[in-house]
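One-letter residues, chain by chain:
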Amino acid sequence: MSQIQNEMKKRRTFAIISHPDAGKTTMTEKMLLFGNLIRSAGTVKGKKSGKFATSDWMEIEKQRGISVTSSVMNFPYKDYQVNILDTPGHEDFSEDTYRTLTAVDSVVMVIDGTKGIEAQTLKLFKVCKMRGIPIFTFINKMDREGREPLELMEEIEETLNIETYPMTWPAGMGKRFLGVFDRENEQFVHYTGNEEEEYIPYSELDQHPELTENATFQESEEEMEMVAEAGDTFDMEKVMRGDQTPVFFGSALAPFGVETFFNSFIDMAPEPAPRKSTEGIVSPDHEEFSGFIFKIQANMNPQHRDRIAFVRICSGKFERGMNVTLSRTGKTFKLAQSQQFVASSRGTVEEGYAGDIIGIYDPNVYRIGDTIVTGKSNFEYDELPQFPPELFKKVTAKNVMKSKQFRKGLEQLVQEGAIQLFKRYRFEDYIIGAVGELQYEVFEYRMKNEYNVDIELTPLGERIPRWLKEDQVDESLFDERNMLAEDREGNPLVLFKNDFSLRWFKDKNPDIELTDLFEVN
Ligand code: GDP
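Here's a quick rundown of the structure. (Residues numbered from 1 in each chain as written. Predicted model: local features only at pLDDT ≥ 70, side-chain atom pairs only at ≥ 80, totals over all residues. Heavy atoms only, no water.)

### Here we look at the site of the ligand
Turning to step 1, where the next piece is worked out: As a structural note, the neighbourhood of the ligand is formed by 18 residues, with D21, K24, T25, T26 and D143 the closest of them.
Turning to step 2, where the next piece is worked out: Measuring from an oxygen atom of the ligand, one finds a backbone N or O atom of A22 at 3.3 Å.
Turning to step 3, where the next piece is worked out: A distance of 3.0 Å separates an oxygen atom of the ligand from a polar atom in the side chain of N140.
Turning to step 4, where the next piece is worked out: Relative to its free-state accessible area of 580 Å², the ligand is covered by the protein chains to the extent of 80%.
Turning to step 5, where the next piece is worked out: Tallying contributions element by element places helix 2 (residues 24-34) first for the shell around the ligand, with 3 residues.
Turning to step 6, where the next piece is worked out: Considered class by class, the residues forming the shell around the ligand number 4 nonpolar, 7 polar and 7 charged. (Near = heavy atom within 4 Å. Polar contact = N/O pair within 3.5 Å; in protein donor to acceptor, adjacent residues only side chain to side chain. Areas by Shrake-Rupley, 256 points an atom, 1.4 Å probe, with all protein chains shown as cover. Helix = DSSP H or I, 4+ residues; strand = E, 2+ residues; numbered from the N terminus. Nonpolar A, V, L, I, M, F, W, Y, C, P; charged D, E, K, R; others polar.)

Here you go:
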């Protein structure tokens, strides 16, 4: 095996998706503990401890306490090199959150066992499904009285349209929680309330009458047997296609079941996969370096216009100081300075392989979705998908004298992928679309700081965008409520006021074909 092959096979690059408060942070902290990255849990979010919030990147990020350094975490575990990418939630949700999912090889979905599937999990899940990313599920908070495991499995299957395969099965919950059956390793993982998990092989269970004679234990065992008989069989190929999800139960807080989960997951999770490019499939062990930019972090320091581009390495070996070609322009750059693993250590990185994420200094030349390569090849990876915005606002310059800068800023920020631009049909009104409020804040801040333009944003509220065919545009059918607009390329679309309006419109106009960007790409 070549060194490149050897290294890339060790990589496990994944994101954790969940709804706020499901336990993603707690889970991440526990994983970092496995990597000995932090001595005691509770230090992941700058928000909570301040420990990682040491960078002086973008002012907004500082104010909000979002820690850039924790957006990519990497550590060795057993024979693996683990890369965890953060997917910001809450008010920090943005298109970047979605784009992060283009840079991972698998996803861990953390579900609050007391709540089941929630809105944000569903949104992120859809993107994973669309891209065929393998999904591993951890049902959290088993130390609390929650919903029945069978009911949760059913909900996952029905809401997400994916098969489930329980890798572990819980015995009780809340105060009656005894532990989980580890089906793969044929052992019972006993919840003792201590840090250490106690593993009892099935063959030795008869020495534990305190368990086998417990009614909760007996019930769960029967339930598990029923699931084994009636449920889906484990199918690794389906898992790899994202059509089946292995499910684990536990408590990130206790912590309990996290280690059992992580050990199974890390062995099953895929190494970096070959990726499609304009010159065919590129293998991760291809000897030439290649990667694509999935995120650009602007203006870390208001005095400089420095930016950091986040690169997902897709093949070959990255070495500090190497020359790369930006495929879009054909220009060559030396990756000399400032490139760093945007990791816990924040040090400069000397080398990297497929699956790794590096931050490179961006002298304002990169765009989201750009490919960088070495050697003779000059291919580009598939374009990153556009994600349908949900929030819309009208934007104008406060000072009409600044309209030139306004247009310039708007154009550049749109090109960069910071926001999406629309226009009201036949009007010169600019409308900007985003998936999260944070994008507007960043946009406003950057317009002011980089282009010296104060802007005015008028909310149009949450809207449902649907594209329609040019020849089916009938202006008389639309108004403020269901607003006709066009996207950057001039394609017509309707910004529906809500789900009800959309359904009403469809009922009244069955001949008009409406498409969701999601399905188009
Ligand atoms: P995030 O918003 O998804 O990152 O969630 P956090 O990890 O910050 O957790 C949200 C809240 O749930 C915190 O108060 C945690 O202490 C709590 N929590 C997380 N995991 C568990 C768990 O397994 N059991 C219980 N009882 N609480 C948990």
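### Some thoughts on the layout of surface pockets
Turning to step 1, where the next piece is worked out: There is about 1,500 Å³ of room inside the largest pocket.
Turning to step 2, where the next piece is worked out: Taken together, 50 residues make up the lining of the largest pocket; nearest its centre are D382, E383, L384, P385 and Q386.
Turning to step 3, where the next piece is worked out: At the level of elements, helix 5 (95-100), helix 6 (119-131), strand 12 (275-277), helix 12 (403-415), strand 23 (420-424) and helix 15 (517-520) are the ones that each hand at least two residues to the lining of the largest pocket.
Turning to step 4, where the next piece is worked out: If one sorts the elements of the lining of the largest pocket by residue count, strand 23 sits on top with 3 residues.
Turning to step 5, where the next piece is worked out: Each residue belonging to the lining of the largest pocket can be placed in one class, and the counts come to 22 nonpolar, 11 polar and 17 charged. (1 Å grid on protein atoms, 1.4 Å probe; cavity = no way out; pocket = protein on both sides within 12 Å on 5 of 7 lines; lining within 4 Å. Points joined across faces, edges and corners; volume = space filled by probe spheres on them.)

### A few points about empty space enclosed by the protein
Turning to step 1, where the next piece is worked out: Taken as a whole, this structure holds 2 cavities of 30 Å³ or more when the rule is applied.
Turning to step 2, where the next piece is worked out: Size it by volume and the second largest cavity reaches roughly 50 Å³.
Turning to step 3, where the next piece is worked out: Every residue lining the second largest cavity is listed: S71, V72, L85, D86, P88, T100, F294, K295 and F310.
Turning to step 4, where the next piece is worked out: Per-class residue counts for the lining of the second largest cavity are 5 nonpolar, 2 polar and 2 charged.
Turning to step 5, where the next piece is worked out: Formed jointly, the lining of the second largest cavity draws a minimum of three residues from each of two domains, domain 1 (13-71 + 86-268) and domain 2 (275-373). (Domains from an automatic or database assignment.)

### Structural notes on the pattern of salt bridges
Turning to step 1, where the next piece is worked out: On inspection of all chains with the given rule, the structure shows 29 salt bridges.
Turning to step 2, where the next piece is worked out: Notably, a salt bridge pairs E351 with K317, separated by 3.6 Å at the nearest N-O pair. Linking E351 in strand 19 (residues 351-353) with K317 in strand 16 (residues 317-319), this pair joins segments that are 34 residues apart in sequence.
Turning to step 3, where the next piece is worked out: The partner of R503 in a salt bridge is D499, and the shortest N-O contact between them spans 3.7 Å. A residue pair is termed a helical-turn pair when its members lie 3 or 4 positions apart in one helix, as R503 and D499 do in helix 14 (residues 499-508) at 4 residues. (Salt bridge = Lys/Arg side-chain N within 4 Å of Asp/Glu carboxyl O.)

### Side note on the packing of aromatic side chains
Working definition: an aromatic ring pair is given by the centre-to-centre distance plus the angle between the planes.
Turning to step 1, where the next piece is worked out: Evaluated as defined, the whole model comprises 29 aromatic pairs.
Turning to step 2, where the next piece is worked out: Measuring from ring centre to ring centre gives 5.0 Å for F188 and F217, while their planes differ by 70 degrees; the resulting arrangement is edge-to-face. Highlighted residues: F188 in strand 9 (residues 187-190) and F217 in helix 9 (residues 215-230), separated in sequence by 29 residues.
Turning to step 3, where the next piece is worked out: For F188, a relative accessible area of 0% gives the class buried.
Turning to step 4, where the next piece is worked out: Classification of F217 as buried rests on a relative accessible area of 0%.
Turning to step 5, where the next piece is worked out: An aromatic cluster of at least three residues, connected via ring pairs, comprises F14, F34, Y77, F136, F138, F248, F261, F262 and F265.
Turning to step 6, where the next piece is worked out: Across the ring face of F310, the terminal group of K295 is positioned such that the distance to the ring centre comes to 4.9 Å.
Turning to step 7, where the next piece is worked out: One Lys or Arg, R424, reaches over the ring of F427 and ends 4.9 Å from the middle of that ring. (Phe/Tyr/Trp six-rings, centres within 6.5 Å; stacked < 30°, edge-to-face > 60°. Buried < 20%, exposed > 50% of the residue type's maximum accessible area, 1.4 Å probe, protein only. Lys NZ or Arg CZ within 6 Å of the ring centre and 35° of its normal.)

### Quick look at the sheet that holds strand 7 (residues 168-171)
Turning to step 1, where the next piece is worked out: Taken together, 4 strands build an open sheet; the order of strands is 7-8-9-10 and the sheet is antiparallel. A single partner strand is all that each edge strand has here, and the edge strands are strand 7 and strand 10 (198-201). Neighbour-to-neighbour, the strand axes of this sheet turn through a mean angle of 25 degrees, independent of strand direction.
Turning to step 2, where the next piece is worked out: Inspection of the sheet shows strand 9 paired to strand 10 by 4 bridges, in the antiparallel sense. Across the sheet, the residue bridging to Q187 is P201, located in strand 10. (Pairing = 2+ DSSP bridges. Axes fitted to C-alpha atoms, helices over the stretch in contact; angles between N-to-C directions.)

### Considering the pairing of strand 4 (residues 106-112)
In summary, the side chains of a regular strand alternate between the two faces of the sheet.
Turning to step 1, where the next piece is worked out: The buried fraction of strand 4 is high, at 7 of 7 residues.
Turning to step 2, where the next piece is worked out: The alternating pattern of strand 4 places S106, V108, V110 and D112 on one face and V107, M109 and I111 on the opposite face, and all of these are buried.
Turning to step 3, where the next piece is worked out: Since strand 4 and strand 5 (residues 135-140) lie parallel, the crossover through helix 6 that links them has a hand, and here it is right-handed. (Right-handed = clockwise from strand over helix to strand, strands pointing away.)

### Looking at helix 9
Turning to step 1, where the next piece is worked out: With 16 residues, helix 9 ought to run about 22 Å at 1.5 Å a step, and its terminal C-alpha atoms sit 22 Å apart, in line with that.
Turning to step 2, where the next piece is worked out: Looking at helix 9, one finds that the buried residues are T216, F217, S220, E223, M224 and V227. Along the long axis of helix 9, the arc covered by the buried residues comes to 125 degrees, so they all point the same way. Opposite the packed face of helix 9, turned more than 90 degrees from it, sit the exposed residues E219, E222, E229 and A230.
Turning to step 3, where the next piece is worked out: Its buried side turned inward, helix 9 meets helix 7 (149-160), strand 6 (163-166), strand 7, strand 8 (179-182), strand 9 and helix 8 (209-212).
Turning to step 4, where the next piece is worked out: Sitting at the amino-terminal end of helix 9 is N214, which places a side-chain oxygen 2.8 Å from the backbone nitrogen of T216. (Expected span 1.5 Å × (residues − 1). Arc of directions from axis to C-beta. Contact = heavy atoms within 4.5 Å.)

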